[in-house]
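# Working through the structure, step by step
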Amino acid sequence: MDLNPRFRFEGFVIGASNRLAATAARTVGESPGSAYNPLFLYAKSGLGKTHLLQAVGFLALERQGTLRVEYLTLEEFVERYHAAVAAGQVEAFRRSALETDLLLLDDVQFLAEHREMQAELLRVTEALVAAERQIVLTCDRPPGEIADLDERLVSRLSGGLLVDIASPDFETRLAILHRKVAERGVEMPAGVLETVAEVGASNVRELIGFVNRLIAFQAVGGGSLTPEAARALLTDELPAAAPAAKPEPPPRTSRAVPAEPDEFSSFLTAVSTTVAQTVEAWRSRVGEAVLRWQGEGYRTQRLEQLLLSEEIPDIGAELARYASDVEELRRLADEAAAFDPSASGQAVFHDPDRLEEARALAERVKQGVEPPPPPSKGLTFAEFVEGPASDAAVRAARDVVAEPGKRFNPLFITGPSGTGKTHLLHAVGNELIATRPGAVVACLSAQAFTDELVQALDAGRIEWWRRRFRRADALLLDDVQLLAGREATQEELFNLFNAFSDAEKQLAFTADRAPGQLAGVAARLTTRFEGGLVVELAPPDRTMRTEMVRRLLAARHVTSDDDAIDYLASRPADSARAVQGLVNRALARMDPASETLTLQAARVAVEGRSQRPSQAQAISAIVPAGLDGVIGSREKVVWDWPGSADRLIEELR
Amino acid sequence: MSLVNFTTREITCKIVYYGPGRSGKTTNLQYVYSQVPADRKGRMVSLATQTDRTLFFDFLPLDLGTISGFATKFQLYTVPGQVYYNATRKLVLQGADGVVFVADSQVRQLDENIESLQNLQANILEHGVDVRTLPMVLQFNKQDLPPELILSPQELDDALNFRALQSYPADALHGVGVFETLKAVASEVLRRLSQGGVGARRI
C-alpha cells in the first residue's frame, strides 16, 4: 500500500503526550535498523499512530531513496499471506517480506484473530531484526494485552522499544487546532480555538471534527464566532442553528464538562508503560542473552534457571556475572590452548557453572602437571599368572615395588612377544600407586612416548612436555626396541633417565630383546639399561597355561571339566596371547545354552572336527607334550593332519 | 508473597502513605478512590474516629486489570499519624514495596514532619530493611494554603529531602499532585523490580 503524503513528520504536531513516540519514530526513520528494532507504537484510536508510522517511511525514503519500504495494515499482510498459501508460494512470500528494508505494519491488534499469522510474524520479525532491517508496528494496546498473543511474540515485540501516545494535552490540542485551521485556509476569531481546546477531545480525529463543525457553522451562519458560541456549539448546549439568532452568550454557569483529563486512565497508562518496559523487558533480556551465549557454544543452564524463577532476580548483576565467567573461561581456554591445543575443546571451558573445574584444568595444563599416562588399571599382579618361567621377573618386579629407585634401577624386562612383559610393567606401576597413594607413575609405550614428543615439538611446548614427565615418580616405558632410529626421543629419554636416576626414581623398561641387541638405540642408553637388572620372561609352561585357561574360563563364568582344561593347556602356545586365542576359539564354538565346556567341545573348536576323537586325542595329547619346548615356532609344525590315522594304517599296509 | 509472581502472573504492590497526623494521607486515598471508574472500584476501608482521624489504617485496593499479561493490583495503605499509634504504623509498614511520605507544608508542622520522617526510618530499620533501597517519594501537601502559613517546596526539600527523593507539591483535597505522586511511587517500585531483587524485597 502506498504511503499517504499527508502523513509526514512536518505535519505532525508534537506535544508532551507524543514527544517520546515522535522522537523514537524520527530516529528510526533516520537510520532504519540501527536504533529501536522493533519499534512498537501503541495508542488509542485517533492519536496519530498511522501518521507516525507513515512518516517513518517517508523520512527513510527521503534519506535513502533506494530503500525498500513496505507499508501494510495487518489485514493486508494476512491477505497476502493467505494468497501466497493458496498459490503454494509461501516461500516467495517470506522472501519478499525478508527483502524489505523497512516494514511498517499497522493495526497489529487484529493478530488475535489470526493465530496462524502470529508464528509467521514472529518469524518475519526475528529474521528482519537479525538482518538489521527495521520493523515498526502500531497497535491500540501494548503487546501483552493483545488477547491470545503468543508469549514469544509478546517478548519479541517488547524487546525493541515500546512507546505509547497519550491523549493530547491542552497545548497540543491547541497547536493541532491552529494547524488544522491553517491547512483549511480559514481564520477563527481570537479565543475560539482556545475554547475548543479547553472543551477537550480525547483524540485528534475528534478535534478535526470540531474544526469541521466550526468551519461549517461559520460558512452557514456567516456570523462571527465567539468563544462562547463555539463552546455551546461543541457541547451541544444550544441548537446548532440558533446561535446567530441569539446575540448574548450563553451563561458561564454551565461548567465545561471534562476539562480535566481522566487521571486514573493516565495512571493506568503510566503503570502499563513501566510494566512493559521493566517486567517483560527483563525476560526478553535474559532470553536474548541465552540465545547469544548458546550461539557461542556456552551452556546457559544458569540463565535458563533465571527465567523459571518466581521473583525477578538481579538481572544486571546475573548477566554481568555470567558474562564475566564466560570471559574468564575464554581466557582460561586460551591459556590452556597455548600449552595443549586439544585442551581448549574440553567441555568445562564452555560451562560457566564449572568454572572451578576449568580453572583447575587450565592450571594443570599450564603447569604441565596434566599427569602423564598412568598404567592401565586392569593389569595387576593379581591378574598375572606366575610360574617357573616368570619367576625371576616377577620377583624382581616385586622388589622394585618394595623399594622403588633403590634396588634395581632400571629394571629391564625382556622376552618374546605375548609373554606378559607389558602386563608385568603395568602391574609394577599399579602396585607403586597402590602402595604409595599420590605417586605419579608414567607408564606408556615407547611409541606413545615418541608421538607425544613429536606433538609437543610441533606445538612448540617441549618444556611443558618435559615438565610433565619430570614430575612423575616413576617412568615405565614399554617396548623400547621401538626407539630405534628415534634420535630426538632417545635424547629426551637419556636426559629423563639421568634425572630419574639421580633423584632415585624408579625406571623400568621392556623390550623383545636384551639391551645389548637393541639395534638403532644409542649405546649411552643401552649401557644404562644394562646397568640395572635385566630379567627375562620365558613363554608360559604347561602349568602356567593350565592356570591361564582356568582363569580365562572363570572370567567368562564358564565351568569346565578338568579334561577340557588339560586339553587346552596341552595345546602348543608360546605366549599368554596364544592361550587366550585358544580359549576364545573354544568358547565361540560352545553351545550357547550350556555353561560347561566339555572336552569334546574344546576339541571341536580347536581342531575343527569331531570324528575319531580317540585318535585325534591321542595325537594331540602326545605330540605337543613331546614337542613342548623343543620346537620354537609352531608355524613349522603341521598339527592337524587330515585323516592321519587312516594314512598311517595305509602306509603300514 | 512475592511482588511479581511469574507463576500466577501477578504483580502486587503495597504502597504505604506515611506522615504526621493531619497531613492528608487519607485525603490522598480518598481522591484516588474518587477517580477510580465505577467498574474497578473496590471498597475503601477506613477506620476513622468520630473526629475523622484515622484510628487504625485506611486500605484502598486498586485492581488495574491485566497489564502485559500480569494481573496487576495496587494496595494503598495509610498509617495513623498520631505519635502514640506507632505499633500500628509498624504493622502497616510491614511488607511495603514503596512509601509515600506526605508532609504537611505548614510552617508550624515542620517539627512534626521531621519527627515522623525519623519515626519512618526507625520503623523501616526495625524491619531490617535498608532505607536507601526502599522506593520512596515525598509529597508536600497543603500547598494551597496562604503562602505566609506554609513553606515552599524548595524550603521543604531543604528541610526534609536529604536523600534527594522525588518530591511533589500537592493539594490533596482538590486532587492536585495526588496522581503525580502515585505515578511516581508506582514507577519507582516497578523499576526497582526490573533492576532485580536488591531492595525489591518486602520489608
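It should be emphasised that the depicted structure is a prediction, and the values quoted were computed from it without experimental measurement. (Residues numbered from 1 in each chain as written. Chains lettered and ligands numbered in written order. Predicted model: local features only at pLDDT ≥ 70, side-chain atom pairs only at ≥ 80, totals over all residues.)

Across its full length, chain B carries five helices and eight strands. Pairs at least 24 residues apart make up 70% of the contacts formed inside chain B by residues separated by at least 6 positions. (Helix = DSSP H or I, 4+ residues; strand = E, 2+ residues; numbered from the N terminus. Contact = placed C-beta atoms within 7 Å.)

Now for the overall build of chain A. Across its full length, chain A carries 26 helices and twelve strands. Across the 653 residues in chain A, those meeting the buried criterion constitute 38%. When contacts within chain A are restricted to residue pairs at least 6 apart in sequence, those whose partners lie at least 24 apart make up 74%. (Buried ≥ 20, exposed ≤ 12 C-beta atoms within 10 Å, placed from the backbone.)

Attention shifts here to the pairing of strand β8 (residues 166-169) of chain B. Residue and element names in this part refer to chain B. Looking at chain direction, strand β7 (residues 136-141) and β8 are connected through four bridges and run parallel. When the bridges of β8 are listed, L138 appears paired with S167. This β-α-β element, β7 to helix α4 (residues 153-160) to β8, shows right-handed connectivity. (Pairing = 2+ DSSP bridges. Right-handed = clockwise from strand over helix to strand, strands pointing away.)

What follows covers the sheet that holds strand β2 (residues 69-73) of chain A. Residue and element names in this part refer to chain A. Strands sit in the order β2-β3-β4-β1-β5 across an open sheet of five strands; the sheet is parallel. The sheet is open, and its two borders are formed by β2 and β5 (161-165), each paired with just one other strand. Between one strand and the next, the sheet's axes are offset by a mean angle of 15°, whatever the strand orientation. One ladder, built from four bridges, connects strand β3 (residues 102-106) with strand β4 (residues 134-139); its direction is parallel. Within the sheet, the bridge partner assigned to L105 lies in β4 and is L137. (Axes fitted to C-alpha atoms, helices over the stretch in contact; angles between N-to-C directions.)

With that settled, consider helix α19 (residues 487-502) of chain A. All names here are of chain A. The terminal C-alpha atoms of α19 lie 22 Å apart, and with 16 residues this matches the ideal 22 Å at 1.5 Å per residue to within 8%. Listed as buried for α19 are T489, Q490, E492, L493, L496, F497 and F500. The buried residues of α19 occupy an angular sector of 160° when projected down its axis, which confines them to one face. In α19, those exposed residues whose orientation departs by more than 90 degrees from the buried face are E487, A488, N498 and D502. Packed against the buried residues of α19 are α17 (446-458), α18 (462-470), β8 (474-478), β9 (506-511) and α20 (523-530). E504 sits one or two positions beyond α19 and adopts a positive phi of about 55°. (Expected span 1.5 Å × (residues − 1). Arc of directions from axis to C-beta.)

All names here are of chain A. Contact geometry for α19 and α20: axes closest at 10 Å, N-to-C directions at 40°. Classified by the interaxial angle, the pair formed by α19 and α20 is oblique. As for how α19 packs across α20, the hand of that crossing is left-handed. Seen from α19, the contacting residues are Q490, L493, F494 and F497; seen from α20, they are R524, L525 and R528. (Parallel < 35°, antiparallel > 145°, perpendicular 65-115°, else oblique. Left-handed = near helix turned anticlockwise from the far one by under 90°.)

The next thing to look at is the nonpolar core. In terms of nonpolar packing, the biggest core is built from 124 residues, with A:A25, A:L41, A:V56, A:V196, B:V16 and B:F101 touching the most fellow members. Broken down by element, this core gets its largest block of residues, eight residues, from helix α5 (residues 178-195) of chain B. Judged by nonpolar contacts, the second largest core, of 47 residues, contains A:C443, A:A474, A:L493 and A:A508. (Core = buried A, V, L, I, M, F, W, Y, C linked by C-beta atoms within 7 Å.)

As a further point, take the sheet that holds strand β6 (residues 411-414) of chain A. Residue and element names in this part refer to chain A. One open sheet accounts for five strands, arranged β7-β8-β9-β6-β10; its pairing is parallel. Every interior strand has two partners, whereas the edge strands, β7 (441-445) and β10 (533-536), have only one. Going from strand to strand, the sheet's axes swing by 15° on average, the running direction of each strand aside. Taken strand by strand, helix α15 (residues 391-402) contacts β6, β9 and β10, and its axis lies near 140° from that of β10. Together, β7 and β8 form the strand contacts of α17, whose direction differs from that of β7 by roughly 100°.

Negative phi is the rule for most residues except glycine; trans is the rule for most peptide bonds. Residue and element names in this part refer to chain A. Look at the link from N37 to P38: it is a cis peptide, with omega at -5°. Residue position: P38 is located in the loop between α1 (19-30) and β1 (39-43). The omega angle of the peptide bond from N409 to P410 is 0°, so this bond is cis rather than trans. Secondary-structure assignment places P410 in the loop between α15 and β6. Phi at D107 is positive, roughly 60°, even though this residue is not glycine. Tracing the sequence through the fold places D107 in the loop between β3 and α5 (115-130).

The subject of this paragraph is the pairing of strand β6 (residues 98-104) of chain B. Residue and element names in this part refer to chain B. In terms of residue burial, β6 counts as a mostly covered element, since seven of its seven residues are buried. Burial along β6 is two-sided: G98, V100, V102 and D104 and V99, F101 and A103, pointing in opposite directions, are all buried. Across four bridges, strand β2 (residues 10-18) lies against β6 in parallel orientation. Directly across from Y18, in β6, lies its bridge partner F101. Relative to β7, β6 is paired through six bridges, and the arrangement is parallel. Across the sheet, residue V99 finds its bridge partner in β7, namely M136. Each parallel crossover has a hand, and for β6 linked through helix α3 (residues 110-126) to β7 it is right-handed.

A low pLDDT means the predicted coordinates there should not be read in detail. Residues and elements named next belong to chain A. Averaged over every residue, the pLDDT of chain A is 79; residues scoring 70 or more account for 85%. For the stretch residues 238-259, pLDDT sits under 50, and the model shows 25 contacts to residues farther than four places along the chain or on other chains. Counting contacts from residues 610-631, a segment whose pLDDT is below 50, to residues more than four positions away or on other chains yields 19 contacts. (pLDDT = per-residue confidence, 0-100.)

Residue and element names in this part refer to chain A. Between helix α21 (residues 542-555) and helix α23 (residues 576-589), whose axes approach to 10 Å, the crossing angle comes to 50°. Considering their axes alone, α21 and α23 lie oblique with respect to each other. Handedness of the crossing formed by α21 with α23: right-handed. The segment α21 lies against α23, with R545, M548, V549, L552 and L553 engaging A576, V579, Q580 and V583. Residues that form the contact of α21 with α23 fall into these classes: seven nonpolar, one polar and one charged. (Nonpolar A, V, L, I, M, F, W, Y, C, P; charged D, E, K, R; others polar.)

This part is about the environment of A:E452. With respect to the secondary-structure elements, A:E452 resides in helix α17. Taking the number of C-beta atoms within 10 Å as the measure of exposure, A:E452 has 17 and is therefore partly exposed.

Moving on: the environment of A:E113. Residue and element names in this part refer to chain A. For E113, the position within the fold is in the loop between β3 and α5. Classification of E113 as exposed rests on a count of 12 C-beta atoms within 10 Å. Counting along the chain gives 36 residues from E113 to L149, while the straight-line C-alpha distance between them is 9.5 Å.

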